[in-house]
Amino acid sequence: MWKYLARRFTYMVFTVWVITVISFVLIQLPPGDFVTNIVSRMISSGGRELTPEYEAQLRALYGLDQPVYVQYYKWLRNIVLRGEFGWSFEYRRDAVEIITERMPMTASISFFSFLFVWIVALPIGIYSAVRQYSIGDYVFTFLGFIGLAVPSFLLALIFLYISQRFFGQAMIGLFSLEYADKPWSWAKVVDFLKHLWIPAIMIGLGGTAGLIRTMRANLLDELNKPYVETARSKGLPEFKLLLKYPVRHALNPFVSTIGWMLPSLVAGEVIVAIVLNLPTSGPVLYRALQQQDMYVAAGFILLLSVLTVIGTFISDVLLAILDPRIRLQ
Amino acid sequence: MSDETLVEVQDLKIHFFTDEGVVRAVDGVNLTVQRGKTLSLVGESGCGKSVACRALLHIVHPPGRIVSGKILYHRRLDNGLSETVDIADMDPKGREIRDIRGKEIAMIFQEPMTSLSPMYTVGSQIMENILLHTNMSKKEARALTIELLAKVGIPKPERLVDEYPFRLSGGMRQRAMIAMALSGRPNLLIADEPTTALDVTTQANILDLMLELQKQYDMALLFITHDLGVVAEIADEVAVMYLGRIVEKADVDTIFNAPMHPYTQALLRSIPKIAMKREELDPIKGMVPSPYRRPGGCPFHPRCTKALPECSTIVPAITKLNENHLVECLLYEDLATRKAMERPS
Ligand SMILES: Nc1ncnc2c1ncn2[C@@H]1O[C@H](COP(=O)(O)OP(=O)(O)O)[C@@H](O)[C@H]1O
Ligand code: SF4
Ligand SMILES: [Mg+2]
């Protein structure tokens, strides 16, 4: 088991490093940089053109004139040695401040989406497998496909409309007005949780449908396995048998996907958060990519991928705990 | 029925309702299991042996269903009296049948590799059966488990009790399965091809073990196999099954020395060990028909070397050759009366 975990850990560190390289290169890939962006914005708002000398000065100031690998090296060195993620051209603040402001929101929404997906999808998946081809199975399959087909931004728009129309106020944001700018307090946390479930469900809904299908298929595979028959021939009550044997077996593949759910949740979050005007990282990351605000974008991507990779490592550990075949190899 | 009768299967029918049609996997089976004796159910793969024996625990899985028939279980009570219950009539998820499973009737399966869950230790899966059917504490159940593991010939049982199944060889796993089956002190042990997946040496060891334990525990054995060589070693009585019906039933000597049904005769000719003493090795011609297209008349007629013209239209009935020897074949029926009987319909 320790060998297994050590190997996983090595992969983890290596993966993070590869991701930093790829994301840094990708961010630089579109033509132009932040300075070109400023220039074109000034022109389009009727401003004067900058002199080429001034542009060059700006580039030198931000280090944009250096080759990509030098920029990458400096960026990584500052993160590792000083915990500095660089400067946000757009916000004129430390990129790290913007990131730390937003990340906890994203993490909470993702976590609740994830909880929602599991709490809803697993029981339904189990039900659908055990009662295969029953009316309930068909109904859930139908609803599941709708959930899969309706994009989350559409849900968000529908929700906006309904809340505006029937409750008189668009329930956007993650806080009520009176708490929005206040420091954290117990009441603010409660208010936050009250708002949280809405985007959490919208973001999770698409994943729920997928998870129901997978759980159903996994469990159907297990239900007729000989070990289930053995357990049944002992006289175990059917429900206990179901949970203790086939469900337990069918869960293992899920545990190993926990880590990989984060990117898809964040991707789903971007759009819902834009529509609902949520102070999460999705919209900021989206904007940073558009504006070539590279250190903010790179910092977000780095943190998200680190979280994902850590999540994957945790699921590997969980899997080892759950499945003796892996633990004892 | 004598006092020694443990289980009587009467005209049992189990059909599978699939999208392609109804499969009559078990189609009117009669069997009697005597206390302490071994009944062997033989037949080619696919003839319905596994489905039939699972019915005794009422664990036929969908789309299969017991459509008719009785499975009478004669239980001896503590006060010296006995009672009879019909297993076929019980709710497959109900308390009554669950109390029989693993306690009064236990079962071991063909695949020792997959019959135990890899998620739990061998010991905990055996203890589960003990805790389910007795009032023992966990500690007592564990002690009994270790004792049973030793009894079935597992070395270092104190260590192996905490081992996971995938760390054991096939033979050891089957021994563990036997220990699990014994833990309820059953009156009947059903063994569905318990040695088929094992190599020859292990097979012989497991057979010896089962025979010895059967004596020790004084339990009846319903031994399912497609291998007549194994039957010779273990059975008191033999029932030969073909396409969901018992075509011949007799004591083991009669089956081997004076088989009457052409299918039994063909089966015997197809076994290397026994064929050598007799004629040349002679596999049964033709294939087992598709379960969706049962031949009319005698189901065996397309493959039978002795078939009569009537065999393709008239379904043979049970003929009692003597008290212990039943056969289902037109060769032993009075065809004139049979035809007279068929005509009006
Ligand atoms: N799940 C199932 N669906 C449809 N038919 C089945 C199913 N299980 C078994 N059968 C039918 O029952 C017949 C008997 O199967 P089985 O009892 O396993 O044979 P045996 O144990 O003698 O090899 C098979 O020919 C098959 O057609
Ligand atoms: S009834 Fe006819 S076909 Fe069937 S076994 Fe007897 S002789 Fe052969
Ligand atoms: Mg079988």
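Just above, that's the structure.
Residues numbered from 1 in each chain as written. Chains lettered and ligands numbered in written order. Predicted model: local features only at pLDDT ≥ 70, side-chain atom pairs only at ≥ 80, totals over all residues. Heavy atoms only, no water.

Engineer: Go over the sheet that holds strand E1 (residues 5-18) of chain B with me, naming the residues and quoting the values.
Structural biologist: Residues and elements named next belong to chain B. The strand order across the open sheet built from four strands is E2-E1-E4-E5, with neighbouring strands paired in antiparallel fashion. On the outer flanks of this sheet lie strand E2 (21-34) and strand E5 (82-86), each paired with one strand and no other. Each neighbouring strand pair of the sheet contributes to a mean axis angle of 10°, computed without reference to strand direction. Summarising the sheet, E1 and E2 pair through 11 bridges and their orientation is antiparallel. Bridge pairing in E2 links Val-9 to Leu-31. (Pairing = 2+ DSSP bridges. Helix = DSSP H or I, 4+ residues; strand = E, 2+ residues; numbered from the N terminus. Axes fitted to C-alpha atoms, helices over the stretch in contact; angles between N-to-C directions.)

Engineer: Tell me about the layout of surface pockets, and name the residues and values.
Structural biologist: Its volume calculated, the largest pocket comes out at about 1100 Å³. Contributing to the lining of the largest pocket are 30 residues, with Val-130 of chain A together with Val-60, His-61, Pro-62 and Lys-93 of chain B lying nearest its centre. Mapped by element, the contributors of at least two residues to the lining of the largest pocket are helix H5 (95-130), helix H9 (186-223), helix H10 (226-233) and helix H11 (238-255) of chain A together with E1 and strand E4 (64-76) of chain B. Ranked by residues supplied to the lining of the largest pocket, first place goes to H11 of chain A with five residues. Taken together, the residues that form the lining of the largest pocket break down as 17 nonpolar, six polar and seven charged. (1 Å grid on protein atoms, 1.4 Å probe; cavity = no way out; pocket = protein on both sides within 12 Å on 5 of 7 lines; lining within 4 Å. Points joined across faces, edges and corners; volume = space filled by probe spheres on them. Nonpolar A, V, L, I, M, F, W, Y, C, P; charged D, E, K, R; others polar.)

Engineer: So, the site of ligand 2: which residues are in play, and what are the values?
Structural biologist: Taken together, His-261, Pro-262, Cys-298, Phe-300, His-301, Cys-304, Lys-306, Ala-307, Cys-311, Cys-329, Leu-330 and Leu-331 of chain B are the residues near ligand 2. Among the residues making up the shell around ligand 2, the classes are represented as nine nonpolar, two polar and one charged. (Near = heavy atom within 4 Å.)

Engineer: Which residues make up the packing of aromatic side chains, and what values do they have?
Structural biologist: Where two aromatic rings form a pair, the distance of their centres and the angle of their planes describe that pair. Residues and elements named next belong to chain A. Applying the stated criterion across every chain yields a total of 15 aromatic pairs over all chains. Ring geometry for Phe-9 versus Phe-313: centroids 5.7 Å apart, planes at 75°, classification edge-to-face. Of this pair, Phe-9 sits in helix H1 (residues 2-28) while Phe-313 sits in helix H14 (residues 294-322), and the two are 304 residues apart along the sequence. Ring geometry for Tyr-227 against Tyr-245: centres 6.3 Å apart, planes inclined by 45°, an arrangement best described as tilted. Remark: Tyr-245 occurs in helix H11 and Tyr-227 occurs in helix H10; sequence separation between them is 18 residues. By relative accessible area, Tyr-227 is classed as buried at 5%. Looking at Tyr-245, the relative accessible area reads 1%, which means it is buried. (Phe/Tyr/Trp six-rings, centres within 6.5 Å; stacked < 30°, edge-to-face > 60°. Buried < 20%, exposed > 50% of the residue type's maximum accessible area, 1.4 Å probe, protein only.)

Engineer: Provide a residue-level description of the interface of chain A and chain B, including the pertinent values.
Structural biologist: By a frequent convention, interface size equals the accessible area lost on bringing the separate parts together. With 23 residues of chain A at the interface, the matching set in chain B holds 27 residues. Summing both sides of the interface, chain A and chain B together bury roughly 2400 Å²; the carbon and sulfur share of this comes to 60%. The three residues of chain A that bury the most area against chain B are Glu-229, Ser-233 and Lys-234 of chain A, which together make up 26% of that side's buried surface. The tally of links between chain A and chain B comes to three salt bridges. The shortest N-O distance in the salt bridge between Arg-54 of chain B and Glu-229 of chain A comes to 2.5 Å. If you look at where chain A meets chain B, you find 11 residue pairs in polar contact (both at pLDDT 80 or more). (Contact = heavy atoms within 4.5 Å. Buried area = accessible area lost by both parts, 1.4 Å probe. Salt bridge = Lys/Arg side-chain N within 4 Å of Asp/Glu carboxyl O. Polar contact = N/O pair within 3.5 Å; in protein donor to acceptor, adjacent residues only side chain to side chain.)

Engineer: Explain the site of ligand 1 to me, and be specific about the residues and the numbers.
Structural biologist: Residues and elements named next belong to chain B. Neighbouring ligand 1 are 13 residues; Gly-46, Gly-48, Lys-49, Ser-50 and Val-51 lie closest to it. In the environment of ligand 1, an oxygen atom lies 2.6 Å from a nitrogen or oxygen atom belonging to the side chain of Ser-50. Here ligand 1 has 560 Å² of accessible area as a free molecule, and 72% of this is covered by the chains. Put simply, the parts of the chain that give the shell around ligand 1 at least two residues each are E1, E2 and helix H1 (49-55). Sort the elements by how many residues they give to the shell around ligand 1 and H1 lands first, with three residues. Taken together, the residues of the shell around ligand 1 sort by class into six nonpolar, five polar and two charged. (Areas by Shrake-Rupley, 256 points an atom, 1.4 Å probe, with all protein chains shown as cover.)

Engineer: Talk me through the environment of Ser-176 of chain A; I want residue IDs and the actual numbers.
Structural biologist: Looking at the secondary structure, you find Ser-176 of chain A in the loop between helix H7 (152-167) and helix H8 (177-180). Apart from the residues within four sequence positions on either side, Ser-176 of chain A is in contact with Asp-191 and His-195 of chain A.

Engineer: So what about helix H4 (residues 68-82) of chain A? Which residues, and what values?
Structural biologist: All names here are of chain A. The end-to-end C-alpha distance of H4 is 21 Å, a good match for the 21 Å that 15 residues give at a rise of 1.5 Å each. In this structure, the buried residues of H4 make contact with H1 and H14. Remark: Gly-83 follows H4 within two positions and exhibits a positive phi of approximately 65°. (Expected span 1.5 Å × (residues − 1).)

Engineer: Describe the sheet that holds strand E12 (residues 325-327) of chain B, with residues and values.
Structural biologist: Within a beta sheet, neighbouring strands are joined by backbone hydrogen bonds and run either parallel or antiparallel to one another. Residues and elements named next belong to chain B. One open sheet holds the eight strands; their spatial order is E6-E7-E8-E3-E9-E10-E12-E11, and the pairing between them is mixed. With partners counted over all chains shown, the strands left at the sheet margins are strand E6 (105-108) and strand E11 (319-322), one partner each. Each neighbouring strand pair of the sheet contributes to a mean axis angle of 20°, computed without reference to strand direction. By the bridge criterion, four bridges tie E6 to strand E7 (residues 188-192) in an arrangement that is parallel. Bridge pairing in E7 places Ala-106 opposite Leu-189. Running over the sheet, helix H6 (residues 170-182) touches E6 and E7 and is turned about 175° from E6.

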